[in-house]
Amino acid sequence: MAPLVSPPFGAAFAGRRVFVTGAYGMLGAWLSAALLDRGAAVIVLRRDERPGSALTLSGTEARCTVVHGDLLDADLIERTIGEHEADTVFHLAAQTIVGTANRSPRSTFDSNVRGTWNVLEACRLHGVARTIVAASDKAYGPSDVLPYTEDLPLRARHPYDASKAAADLIARSYWHTYGLPVAVTRFANIYGGGDQNRSRLIPEAVAAALEGRAPVVRSDGSPQRDYLYVEDAVEAYFAIADLLDAGAAGGEAFNGGSGVPRSVLDVITAVCAAAGVDVTPDVRGAGTPAGEIDRQWVDPSKLATLSGWEPVVGLDEGLRRTIAWYRAHPQALIA
């Protein structure tokens, strides 16, 4: 089967007006910059002051239209999409930290579930032509069947995972019920320059390596994950947007990842090698941390078959690029 779309992805964004939620997170910042490079007018939602985010450090924020407010303000979201005549929405904003979700389920469900339907309802009311909602591979929950494929049931058990599964189902309901052209992403662990969440493995390991200290491991080092470099993730988002334009992605979910599981200790070893340092990890856990899944990776072949997208940056090269970004922006790693 020939792909329905092909690279370069996202070429049709020139002249489009695009609303990005979560633009101050790592993926959102890289996506916003890539949209601007393709000639789009980008509107971003800013809730908090984030002077050290990738969006501000790269100078991208100055090229965007910034709307100040909260995802939970449904009237604001509707007004933003309507007044700025957005024809595309990338909904990436979410509470993304598993530990925080376990401690604060109410705020997590507010952000990840109510925030998602606020965005979708505004898109429906204003007839947005293409909407992509970031769910997560965590929505699959624990499974004896690996890698995850899109036809597996969502069996989330914990607050973060359940919130992303709910957002996933709600988003796809807007296609089946209202015909809203919306697709959902279930991507693996995305990494790259600009991630300020030091509770995540790669930012903590990079910070430790650059500071010459031992990276902290909250497990025993054996849990396995799939890792996707941020620029590959951006290209996947554009490929899905192109598929929506082609009428081939409405109501669909798409995995994105390398399809190759890597253990925590393997990743830390690779980070230290890329940074050129020799340190021993500080292993503080036993087994898998509470509320997390021990083995997860995805099968990305659905998106590859339909669009021709595939990741081109391997983990070693991705880590070299990530470390180079943080060396150029040391303020991003200030705890």
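Anything mentioned here points back to the structure above.
Residues numbered from 1 in each chain as written. Predicted model: local features only at pLDDT ≥ 70, side-chain atom pairs only at ≥ 80, totals over all residues. Heavy atoms only, no water.

A. Summary view of the packing of aromatic side chains. Here the structure, examined in full by the defined rule, presents nine aromatic pairs. Measuring from centroid to centroid gives 5.2 Å for Phe-187 and Tyr-237, while their planes differ by 75°, and the two rings are edge-to-face. Taken together, the positions of Phe-187 in strand E6 (residues 182-187) and Tyr-237 in helix H8 (residues 230-245) put the pair 50 residues apart, joining distant regions of the chain. The same class applies to Phe-187 as to Tyr-237, namely buried. Among the aromatic side chains, those forming a connected cluster through ring pairs are Phe-13, Phe-90, Phe-187, Tyr-237 and Phe-238. Arg-16 extends its terminal NZ or CZ atom over the ring of Phe-13, reaching a point 5.1 Å from the ring centre. A cation sits over an aromatic face here: Lys-302 above Phe-254, 4.8 Å from the ring centre. (Phe/Tyr/Trp six-rings, centres within 6.5 Å; stacked < 30°, edge-to-face > 60°. Helix = DSSP H or I, 4+ residues; strand = E, 2+ residues; numbered from the N terminus. Buried < 20%, exposed > 50% of the residue type's maximum accessible area, 1.4 Å probe, protein only. Lys NZ or Arg CZ within 6 Å of the ring centre and 35° of its normal.)

B. Seen up close, the layout of surface pockets. In this model, the second largest pocket occupies a volume close to 160 Å³. Lining the second largest pocket are 14 residues, and of these Tyr-227, Ser-258, Val-313, Gly-314 and Leu-315 sit closest to its centre. With four residues, strand E9 (residues 224-229) is the largest single contributor of residues to the lining of the second largest pocket. Of the residues contributing to the lining of the second largest pocket, the split by class is eight nonpolar, three polar and three charged. (1 Å grid on protein atoms, 1.4 Å probe; cavity = no way out; pocket = protein on both sides within 12 Å on 5 of 7 lines; lining within 4 Å. Points joined across faces, edges and corners; volume = space filled by probe spheres on them. Nonpolar A, V, L, I, M, F, W, Y, C, P; charged D, E, K, R; others polar.)

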